[in-house]
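Residue-level structural notes
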Amino acid sequence: MFLISDYRLADNKTGLDLILKAKASFNKDLPAILITGDTDPKLIKLFANNSIKVCYKPLKIEVLNNLISEVMLATAKTQLF
């Protein structure tokens, strides 16, 4: 299981908020992918510090597919051990 979210959500909420709440509720190691056009270095560092993969807009389906495969492979390896 993993989570994919856009960064900017309705009502001034962010995908980062959603992901961090999900990690707190379900599993701190929950893999997540965030889709964003924001390239603020502080945000990028925050995403990395929370083990969140990022797919930048404009979204390229090949990049998203590669990130999904990467997350699924890493999750499968973790579950084996």
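Described below are features of the structure shown in this document. These numbers come from a predicted model, not from an experiment.

What counts and what doesn't
Residues numbered from 1 in each chain as written. Predicted model: local features only at pLDDT ≥ 70, side-chain atom pairs only at ≥ 80, totals over all residues. Heavy atoms only, no water. Core = buried A, V, L, I, M, F, W, Y, C linked by side-chain atoms within 4.5 Å. Buried < 20%, exposed > 50% of the residue type's maximum accessible area, 1.4 Å probe, protein only. Helix = DSSP H or I, 4+ residues; strand = E, 2+ residues; numbered from the N terminus. Contact = heavy atoms within 4.5 Å. Polar contact = N/O pair within 3.5 Å; in protein donor to acceptor, adjacent residues only side chain to side chain. Salt bridge = Lys/Arg side-chain N within 4 Å of Asp/Glu carboxyl O.

One finds Tyr7, Leu16, Ile19, Ala32, Leu34, Leu43, Phe47, Ile52 and Val54 forming the largest nonpolar core, which totals nine residues. Secondary-structure elements contributing two or more residues to this core are α1 (15-25), β2 (32-36), α2 (41-49) and β3 (52-56). Beyond its immediate chain neighbours, meaning those up to four positions away, Phe47 contacts Tyr7, Leu16, Leu34, Thr36, Ile52 and Val54. Among the nonpolar cores identified, the runner-up in size contains seven residues, and Ile35, Cys55, Leu64 and Ile68 belong to it.

Locating Asp38 in the fold gives a position in the loop between β2 and α2. A distance of 2.9 Å separates the side chain of Asp38 from the side chain of Arg8, its partner in a polar contact.

Under the defined criterion, the tally for this structure stands at four salt bridges. Salt-bridge contacts for Asp38 lead to Arg8; the nearest nitrogen and oxygen are separated by 2.9 Å. With Asp38 in the loop between β2 and α2 and Arg8 in the loop between β1 (3-6) and α1, this residue pair connects regions lying 30 residues apart in the sequence. For Asp38, a relative accessible area of 19% gives the class buried. Accessibility expressed as a relative area gives 55% for Arg8, which makes it exposed. Among the ionic pairs, Lys53 bridges to Glu70, the shortest N-O distance being 2.6 Å. Here the residue Lys53 occupies a position in strand β3, and Glu70 occupies one in helix α3 (residues 61-80), the gap between them amounting to 17 residues.

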